[in-house]
Amino acid sequence: MGTDTENLSDDYKGNTETGVRELVIPDAQGGQRLDQALATMLPEFSRNRIQNWIRARKIAVDDAWGTTRMKVNGGESVRVEVEPDPDATPDAPEAIPLDVVFEDSMLLVINKPVGLVVHPGSGNRHGTLLNALLHRVPQVAELPRAGIVHRLDKDTSGLLVVAKTIRAHTDLVRQLQARTVKREYLALVYGEVDRPGTVNAPLARDPHNRTKRTVHSMGKEAITHYDVVERFPGFTLLRCKLETGRTHQIRVHMQHIGHPLVGETVYSASRRSHHKIPFPRQALHAERLGLIHPVTQESMHWECPLPPDFASLLAALRDNTIWAK
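The structure displayed is predicted, hence computed values, not measured ones.

About the thresholds
- Residues numbered from 1 in each chain as written.
- Predicted model: local features only at pLDDT ≥ 70, side-chain atom pairs only at ≥ 80, totals over all residues.
- Heavy atoms only, no water.
- Pairing = 2+ DSSP bridges.
- Helix = DSSP H or I, 4+ residues; strand = E, 2+ residues; numbered from the N terminus.
- Buried < 20%, exposed > 50% of the residue type's maximum accessible area, 1.4 Å probe, protein only.
- pLDDT = per-residue confidence, 0-100.
- Contact = heavy atoms within 4.5 Å.

Engineer: Explain the sheet that holds strand β1 (residues 19-24) to me, and be specific about the residues and the numbers.
Structural biologist: In spatial order, the strands read β1-β4-β2-β3; together these four strands make up an open sheet with antiparallel pairing. At either end of the open sheet lies a strand with only one pairing partner, and these are β1 and β3 (64-65). Here β1 pairs with strand β4 (residues 77-82) via six bridges, running antiparallel. If you follow arginine 21 over to β4, its bridge partner there is valine 80.

Engineer: Residue-level account of the pairing of strand β9 (residues 197-200), with values.
Structural biologist: Judged by which residues are buried, β9 turns out to be one-sided: Gly197 and Val199 face inward and are buried, whereas Thr198 and Asn200, on the alternate face, are not. Examined bridge by bridge, β9 and strand β12 (residues 223-232) share four bridges and lie antiparallel to one another. Among the inter-strand pairings, glycine 197 is bridged to a residue of β12, identified as tyrosine 226.

Engineer: Which residues make up the confidence of the model for the chain, and what values do they have?
Structural biologist: With 88% of its residues at a pLDDT of 70 or more, the chain shows a mean pLDDT of 88. Every residue in residues 1-16 scores below 50 in pLDDT, and together they form 76 contacts with partners more than four places removed in sequence or on other chains.

Have a look at this one:
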């Protein structure tokens, strides 16, 4: 999903905007700087905002004021006084239709179409999935990221789960951390892939372009398993299974092994040997999603068909009419 899954502590008080959070640093965060650990535990707040709270003495560690340079060992008790963001503007509910695959009091599973941005950002304040959720499920305004626990890129289609309560949100984040959420994607790549494989290559922000990701030894662990679904002359349809969920993970990993996605422009081939298919986006679809229901503990699975443009692309490859387009 290409999405970046982070830990969220369930041990806090107050709502998502103001109040006091009582946290315990997990052992897994030991050795990190305080601001780094808290940015992972409180993903709804930026690291810059957390650093400002540390400087303003709004964060105490074991009853002493934290500092921006201090490192944590794990097990420390942390008290965070959350202050509203003075620069924040509330996101507006918008009546945007959603293709709902499943819904109950805890969860909402949607089939995200190509072109729908998941979360508002620079240049995309309106017309996003978050805006649609605020209209359909107003109570998600009280949740971190409006209940969105993982993301899909704008031009990636397919299944995405949203939490409707804080209980569901906390449980889903735990499942993502434990890697028990099953996410499988169909990806059409350049080149003929011979056999199944695994890409285990850590990802970090590209130092030359912060909107991109790159394989880097100091990055976060990123693991993608892939199987061959169908082969075409010069192309392969893969099923990619995410073990981790880093931003642009499949797109970067496929480029890394020399099989960039068809339609890819950001992480395209480094060599010019590929005969480019005329496809206007990356050929990536989140086909399958599986998780444990936060309340019933039932194992749940969903599958959604390919969108028309992707299905037509595969049909043209099978008929060998792709170059006639």
